[in-house]
Amino acid sequence: MHFDVIIAGCGPTGAMLAAELRLHDVRVLVLEKETEPPSYVRIVGLHIRSIELMAMRGLLERILERGRRRPAGAYFAAIDKPAPEGLDSAYAYLLGIPQPVIVHLLEEHAVELGAQIRHGCAVVGFAQDDDGVTVELADGERLRSRYLVGCDGARSTVRKLLGVGFPGEPSRNETLMGEMAVGAPQDEIAAKVSELRETDRRFSLAPAGVGVYRVVVPAAGVSDRAAPPTLEDFRRQLSAVAGTDFGVHSPRWLSRFGDATRLAERYRVGRVLLAGDAAHIHPPIGGQGLNLGVQDAVNLGWKLAAQVRGWAPETLLDTYHAERHPVAEDVLDNTRAQMELLSAEPGPRAVRRLLTELMDFEEVNRHLLEKITAIGIRYDFGAGPDLLGRRLPDIDLKEGRLYGLLRRGRGLLLDRTGRLTVGGWSDRVDHLADPTAALDAPCVLLRPDGHVAWIGDDQRDLDDHLSRWFGRPTT
Ligand SMILES: Cc1cc2nc3c(=O)[nH]c(=O)nc-3n(C[C@H](O)[C@H](O)[C@H](O)COP(=O)(O)OP(=O)(O)OC[C@H]3O[C@@H](n4cnc5c(N)ncnc54)[C@H](O)[C@@H]3O)c2cc1C
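Computed from a predicted structure; not experimentally measured.

Quick look at the sheet that holds strand E10 (residues 168–169)
Then, in step 1: Strand order in the open sheet formed by three strands is E10-E15-E18, and the pairing between neighbours is antiparallel. The open sheet has two edge strands, E10 and strand E18 (280–281), and neither has a second partner.
Then, in step 2: Pairing of E10 with strand E15 (residues 261–263), which is carried by two bridges, proceeds in the antiparallel orientation. Bridging across to E15, Gly 168 finds its partner in Arg 262.
Then, in step 3: Packed onto the sheet, helix H9 (residues 319–341) meets E10, E15 and E18 and runs at close to 170 degrees relative to E15.

Structure, rendered in structure tokens:
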């Protein structure tokens, strides 16, 4: 076996997963079919939980150098409301960054940690047996690994070959997006845009550099998305929607996206797993797809590493589907709801007005924001205090910030009593005795993804939970 894990696809999900696996010395190879980054640029927003994860892995500084911090408001169906006050996070903002930049930074991080990445290598087939997976590349080369993860995007070859169902709704609306020069005067554009956006929120023209505008306009219908749109398509649609094509010319890039909404029935079949867009697709409203994929990767990474390294409890790898499938289901649902709220029909517009009023209630606003930013996620670890299953914010500790202690992707026992021990799990779990920790509990056991796996003060109970999440002790 040359590799422990082969990852198909080096988008944000694949690159993040590779880095997470390397934290545990897993031999990982990423196969990416493209040789160059895509020509189009999506400016994506990293939401609070993803920003926290970047801080947790020591990546935030370099991302902040290339991105823009923006207020966390107007996050739900673009309803113009500020974020609620006093959010429980040290990173309560939205981080806007071009997708190719974040992919480059994640890839760089994975390589620094020792991942191998091969570009221009498309996975076209695989076969799994009891010991591993044989992966076939487009040029006929065959590679062997113990596990394969499909991070190969919405049209995932891995998912299709796996025969996993991908139920949901096909695209019903398509949107054209591109960057191009515009002949019309700036004030004319601004007036038209503000008039049209009163009723059609799928339309926008915004400056994207000197003399260049980012144009977003509904397409005429649903087409074969493999074919990029033409400038003529933009001219026609702008004229149809705005009554003028604004004299657009000299495009930098042109693309389209749809609103198909689908969720893989299973995230794992034997030694093959799915993550990111390969497992779930939905419209980009609320900017959640990349965030969801990166968070899948952080949930899966340490579990797959534990499996490879031989210390995983029997059911650990299956908790990946059990935890992440419902999260994606919830994201799909909130995007369905948001898309309805963008409709220009009188019914949805009335619901939008009502929701706009409801969001003045602090609790409603907070609930929606915690959903979109993923800080509200609570995995089902069984009965227990509200904190159980939730992520812990980056609190102050006597040795600095909490997230600084989670860089290596290990478990952590935060012990305010100073009398507990991680004993035979000390090769996988760190122990910090800190009576100053701002915790609403005597002791907390954190998983490598920062979620609370146990709360209490009893050593025997702690040992049971260490076994549950980290397998047998070494001694
Ligand atoms: C207009 C728009 C705006 C968006 N804005 C946001 C936003 O603000 N926030 C957000 O979180 N998300 C946003 N998204 C969604 C986000 O872009 C995707 O969810 C994200 O790219 C998914 O990452 P991924 O790594 O799972 O898949 P991808 O980014 O699709 O990466 C998959 C990779 O696999 C490669 N590949 C495919 N097939 C193979 C194969 N057979 N072998 C090897 N490699 C293969 C591909 O070349 C690609 O590099 C937006 C999407 C759109 C369309």
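Still to come is the rest of the account.
Focus: the sheet that holds strand E5 (residues 94–98)
Then, in step 1: Spatially, E3-E5-E4 is the arrangement adopted by the three strands of the open sheet, whose pairing is antiparallel. On the outer flanks of this sheet lie strand E3 (43–46) and strand E4 (68–70), each paired with one strand and no other. Averaged over neighbouring strand pairs, the angle between their axes works out to 30 degrees when direction is ignored.
Then, in step 2: Taken together, the four bridges between E3 and E5 define a ladder with antiparallel strand orientation. The residue bridging Gly 45 from the neighbouring strand is Gly 96, located in E5.

Quick word on the side chain of Arg 256
Then, in step 1: By the secondary structure assignment, Arg 256 is in strand E14 (residues 249–258).
Then, in step 2: Relative accessible area serves as the criterion here: at 15%, Arg 256 is assigned to the buried category.
Then, in step 3: A polar atom in the side chain of Arg 256 sits 3.2 Å from the side chain of Glu 174.
Then, in step 4: At 2.9 Å, the side chain of Arg 256 and the side chain of Ser 223 are in polar contact.

Some points on helix H8 (residues 289–309)
Note on helix geometry: an α-helix contains 3.6 residues per turn, so any two residues three or four positions apart are oriented the same way.
Then, in step 1: The end-to-end C-alpha distance of H8, which contains 21 residues, comes to 30 Å, matching closely the 30 Å that a straight helix rising 1.5 Å per residue would cover.
Then, in step 2: The largest bend in H8 is about 30 degrees, located at Leu 300.
Then, in step 3: Most of H8 sits out of view: 19 of its 21 residues are buried.
Then, in step 4: The first or second residue beyond H8 is Gly 310, which carries a positive phi of 90 degrees.

Considering the site of the ligand
Then, in step 1: Around the ligand there are 29 residues in total, and Glu 32, Arg 42, Gln 99, Leu 290 and Asn 291 lie nearest to it.
Then, in step 2: In the environment of the ligand, a nitrogen atom lies 3.0 Å from a nitrogen or oxygen atom belonging to the backbone of Gly 287.
Then, in step 3: Coverage of the ligand by the protein amounts to 86% of the 1,000 Å² it exposes when considered alone.
Then, in step 4: Listing elements by their share of the shell around the ligand, those giving two or more residues are helix H1 (12–22), strand E2 (28–32), E3 and H8.

A closer look at the nonpolar core
Then, in step 1: Counting 118 residues, the largest nonpolar core has Val 5 and Leu 402 as the members making the most contacts within it.
Then, in step 2: Among the elements that line this core, the one with the most residues is H8, at 11 residues.
Then, in step 3: Not counting the four nearest positions on each side in its chain, Leu 402 is found in contact with Leu 392, Pro 393, Asp 394, Ile 395, Leu 397, Leu 412, Leu 414 and Leu 446.
Then, in step 4: Among the nonpolar cores identified, the runner-up in size contains 20 residues, and Leu 196, Val 217, Leu 231 and Val 248 belong to it.

Cut-offs used in this document
Residues numbered from 1 in each chain as written. Predicted model: local features only at pLDDT ≥ 70, side-chain atom pairs only at ≥ 80, totals over all residues. Heavy atoms only, no water. Pairing = 2+ DSSP bridges. Helix = DSSP H or I, 4+ residues; strand = E, 2+ residues; numbered from the N terminus. Contact = heavy atoms within 4.5 Å. Axes fitted to C-alpha atoms, helices over the stretch in contact; angles between N-to-C directions. Buried < 20%, exposed > 50% of the residue type's maximum accessible area, 1.4 Å probe, protein only. Polar contact = N/O pair within 3.5 Å; in protein donor to acceptor, adjacent residues only side chain to side chain. Expected span 1.5 Å × (residues − 1). Bend = angle between axes of the 7 residues up to and from the residue. Near = heavy atom within 4 Å. Areas by Shrake-Rupley, 256 points an atom, 1.4 Å probe, with all protein chains shown as cover. Core = buried A, V, L, I, M, F, W, Y, C linked by side-chain atoms within 4.5 Å.

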